[in-house]
Amino acid sequence: MSEFILEMQKITKLYPGVKALDNVTLQFRPGEVHALVGENGAGKSTLIKTASGAIEPTGGRIVVGGCSHPALTPTESAENGSAVGYQEFTLVPVMTAAANICLGKYIRRGPFCDFRAMNRQAAALFKRLNIDIDPEAEVSTLTTGYQQIVEIAKAVASNPKILIMDEPSAPLTTNEVDSMLDIVRMLKREGVAVIYITHRMDEIFQIADRVSVLRDGQYIATKTIAETNKEDLIRLLVGRSLKETFPERPASDGEVVLELDNVTGNGVKNVSFSLRKGEILGLGGLVGAGRTELAALIFGNAEVRSGEMRLHGKPLRPKTPGDAISRGISLVPEDRKTQGLLLNMTVSENITVASVRKLSNRSFLNARSEEAFTQKQIDNLNIKTPSSRQLARNLSGGNQQKVVLGKWLGTDPDILIFDEPTRGIDVGAKQEIYRLMSAIARSGKSILMISSEMEELLGMSDRVVVLSKGRVTGILDKADFSQEKVMKYAVEGHNVAK
């Protein structure tokens, strides 16, 4: 009997012009948390999709439960005890959380679905995850963070022998991450092999027993956690030394650009704060605190019911995103794939879509202007793409985020709202995004940044506004920053002077 429950032996995957995996061999043990790391485009997703049967490898063998296969189907993978919580959700938005968890395995009473039993099963899973979600809530009404919890619960519900978790903590905040890691530890004690993919270094050293590194589709190394450290791991990831640091900027004492005075609507209540010229103002809080909902009000995606917003001292009440854009406000959304990009369109089409009018001549898009405009953003943002005609879906996560940013910078906004700016982005790309954000602020533009990563929130912000249950519970200046204070206001909801 092998000590390994799953082996990927010399796995190769070829696409036209691209070798996504190059002779990769990895082994996974039962009762072990095995972290899999690499920059975007390193081959992690291709490898796990091969293990789960979503992708057929070009070469190599998959050995699971002692049986060797040239490839697996999704059904065969599931029958062998594998389950996957994908970063890109596999949920059905119009169905309830409970129905999604039971999808394909409905509990029946005679010829009918037993919805009460499914609701009870989902509620028990949510209790294990220590997250308060209504089993009867339609998934489309849940925030991205809660959708991630449903995705994890759906995978755990099948009682897998092998659980693959792809960036499970990306949209979660500290409390939710802690609860999710407790579940991983519980599964490990039960003998489940957990393959844990993450860009968050701290989690690797909290939860993993071993960590394997992929780079450019090739296997680099496997190390026990005891024999490595953060700096060593980053060097293996990017092939060079790289420290996770935040660019230094002078404190902003510029004029007030945006003011909110007792703003209520879209789930937030009596929110008041100001945003200054050249400032990065962080929005902190737990999942469901109302940060994304507040951004929707400012960007015209939701209705302000009461209170006032002022832009450069003048009333602001955008009825549509178009109104906000015309006033110099842009939004880089939390989910770039579904909200920020046209995945089946080119880099050029994505970058120019918000600037078509100024690139057009008598209703016709000027091809030369379009190409020059696109190339300027590609160069300025260091977007890695074979050409401006590359489809956006084929870029890495970090480069997709730069395309979204290039689209909005092309409109020359005064205010950029970043909702989870580095979600699902590797450590090298994070540094580039941070440098770009810092340069944008230094140029005099203002940034409102929503972040669930405490280190990012405190490292990038000049001030932090903390929300809890739709209300502002604390505003911290940089001199007062600490994780404990942010969590105190996020969890306990204590008010402080504004």
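A quick note: this is a predicted structure, and the numbers were derived from the prediction, not measured.

Draft legend 1. Examining the overall build of the protein more closely. Along its length, the protein carries 18 helices and 24 strands. On C-alpha atoms alone, the protein measures out to a radius of gyration of 23 Å, which is about the 23 Å that the 2.2 N^0.38 rule sets for 498 residues. In terms of principal-axis extent, the alpha carbons of the protein reach across some 70 × 55 × 50 Å. The buried share among the 498 residues of the protein stands at 56%.

Draft legend 2. A look at the sheet that holds strand 10 (residues 193-197). Sheet architecture is open: six strands sit in the order 6-9-10-3-11-12, paired in mixed fashion. Of all strands in the sheet, those with a lone pairing partner are strand 6 (82-85) and strand 12 (218-224), marking the two edges. Strand-to-strand twist across the sheet, computed as the mean angle between neighbouring axes with direction ignored, equals 20 degrees. Both strand 9 (residues 162-166) and strand 10 contribute to a ladder of five bridges, which runs parallel. From the neighbouring strand, Ile 162 faces strand 10, where its bridge partner is Ala 193.

Draft legend 3. The packing of aromatic side chains, seen in detail. Under the counting rule described, the total for this entry stands at two aromatic pairs. An angle of 45 degrees between the planes, with centres 5.0 Å apart, marks the rings of Phe 246 and Tyr 434 as tilted. Within this pair, whereas Phe 246 is found in the loop between helix 8 (230-238) and strand 13 (256-265), its partner Tyr 434 is found in helix 16 (residues 427-442), the two being separated by 188 residues in sequence. Where Phe 299 meets Trp 408, the ring centres are 6.0 Å apart and the plane angle is 85 degrees; that geometry is what we call edge-to-face. Residue Phe 299 is found in the loop between helix 9 (291-298) and strand 16 (306-311), and its partner Trp 408 is found in helix 15 (residues 397-409); the two are separated by 109 residues along the sequence. This pair shows no difference in class: Phe 299 is buried, exactly as Trp 408 is.

Draft legend 4. Highlighting helix 5 (residues 144-156). With 13 residues, helix 5 extends 19 Å from end C-alpha to end C-alpha; this agrees with the ideal 18 Å at 1.5 Å per step. Of all the 13 residues making up helix 5, 13 are buried; the element is thus mostly covered by neighbouring parts of the structure.

Draft legend 5. Inspection of the pattern of salt bridges at higher detail. One pass over the structure, following the stated rule, counts 19 salt bridges. We note a salt bridge from Glu 453 to Arg 200, for which the minimum N-O separation is 3.6 Å. Here the residue Glu 453 occupies a position in the loop between strand 22 (446-450) and helix 17 (454-460), and Arg 200 occupies one in the loop between strand 10 and helix 7 (201-207), the gap between them amounting to 253 residues. Given a relative accessible area of 16%, Glu 453 falls into the buried group. For the salt bridge of Asp 462 with Arg 249, the shortest nitrogen-to-oxygen distance reads 3.3 Å. Here Asp 462 is found in the loop between helix 17 and strand 23 (463-468), whereas its partner Arg 249 is found in the loop between helix 8 and strand 13, with 213 residues between them in sequence. There is no split in this pair, since Asp 462 and Arg 249 are both buried.

Draft legend 6. Looking closely at the pairing of strand 10. Across the five residues of strand 10, five count as buried, placing the element largely inside the fold. The alternating pattern of strand 10 places Ala 193, Ile 195 and Ile 197 on one face and Val 194 and Tyr 196 on the opposite face, and all of these are buried. Taken together, the four bridges between strand 3 (residues 33-37) and strand 10 define a ladder with parallel strand orientation. Bridge pairing links His 34 to Ile 195 in strand 10.

Draft legend 7. Quick peek at the sheet that holds strand 15 (residues 280-284). The six strands are arranged 18-21-22-15-23-24 in an open sheet whose pairing can be described as mixed. Across the chains shown, the open sheet's two edge strands, defined by having one partner strand only, are strand 18 (329-332) and strand 24 (471-477). Direction aside, the axes of adjacent strands within the sheet are offset by 20 degrees on average. Bridge count between strand 18 and strand 21 (residues 415-419): four bridges; the pairing is parallel. Bridge pairing links Leu 331 to Ile 417 in strand 21. Strand contacts of helix 9: strand 15, strand 18, strand 21, strand 22 and strand 23, with the helix running at about 145 degrees to strand 22, the strand carrying the most contacts. On top of the sheet, helix 16 reaches strand 15, strand 21 and strand 22; it is set at about 145 degrees to strand 22, its chief contact.

Draft legend 8. Structural view of the pairing of strand 6. Here strand 6 shows two buried faces, one formed by Ser 82 and Val 84 and the other by Ala 83 and Gly 85. In terms of strand pairing, strand 6 meets strand 9 through four bridges, oriented parallel. Note that in strand 9 the partner of Gly 85 across the bridge is Met 165.

Draft legend 9. Examining the environment of Arg 389 more closely. Position of Arg 389 relative to the elements: it lies in the loop between helix 14 (367-381) and helix 15. The spacing of Arg 389 and Asp 462 is 73 residues in sequence and 38 Å in space, taken between C-alpha atoms. Arg 389 has contacts with Thr 346, Ser 348, Glu 370 and Glu 371, leaving out every residue within four places of it along the chain.

Draft legend 10. Quick peek at helix 16. For helix 16, with 16 residues, the first-to-last C-alpha span of 23 Å sits near the 22 Å given by 1.5 Å per residue. When you tally the buried positions in helix 16, you get 13 out of 16 residues, the bulk of the element. Once helix 16 ends, the next one or two residues include Gly 444, with phi positive near 105 degrees.

Draft legend 11. Fine view of unusual backbone geometry. Located in the positive-phi region is Asn 262, a residue other than glycine, with phi close to 55 degrees. Relative to the assigned elements, Asn 262 resides in strand 13. Backbone geometry at His 312 places phi at a positive 55 degrees, although glycine is not the residue there. Position of His 312 relative to the elements: it lies in the loop between strand 16 and strand 17 (314-315).

Draft legend 12. A look at the nonpolar core. By size, the foremost hydrophobic cluster in this structure holds 76 residues, and its most contacted members are Leu 260, Phe 273, Leu 294, Ile 298, Ile 329, Leu 405 and Phe 418. Of the residues forming this core, the biggest block, seven residues, is contributed by helix 16. Leaving out residues up to four positions away in the same chain, Leu 294 has contacts with Leu 260, Val 268, Val 271, Phe 273, Leu 283 and Leu 467. If you look at the next biggest cluster of nonpolar residues, it comprises 53 residues, including Ala 137, Ala 157, Ile 183 and Val 427.

Draft legend 13. Up close: the confidence of the model for the protein. Taken residue by residue, the protein gives an average pLDDT of 87. The fraction at 70 or more is 95%. Taken together, the stretch residues 494-498 has pLDDT below 50 and engages in 13 contacts with residues farther than four places along the chain or on a different chain.

The rules behind the values
- Residues numbered from 1 in each chain as written.
- Predicted model: local features only at pLDDT ≥ 70, side-chain atom pairs only at ≥ 80, totals over all residues.
- Heavy atoms only, no water.
- Helix = DSSP H or I, 4+ residues; strand = E, 2+ residues; numbered from the N terminus.
- Rg over C-alpha atoms; globule rule 2.2 N^0.38 Å.
- Buried < 20%, exposed > 50% of the residue type's maximum accessible area, 1.4 Å probe, protein only.
- Pairing = 2+ DSSP bridges.
- Axes fitted to C-alpha atoms, helices over the stretch in contact; angles between N-to-C directions.
- Phe/Tyr/Trp six-rings, centres within 6.5 Å; stacked < 30°, edge-to-face > 60°.
- Expected span 1.5 Å × (residues − 1).
- Salt bridge = Lys/Arg side-chain N within 4 Å of Asp/Glu carboxyl O.
- Contact = heavy atoms within 4.5 Å.
- Core = buried A, V, L, I, M, F, W, Y, C linked by side-chain atoms within 4.5 Å.
- pLDDT = per-residue confidence, 0-100.

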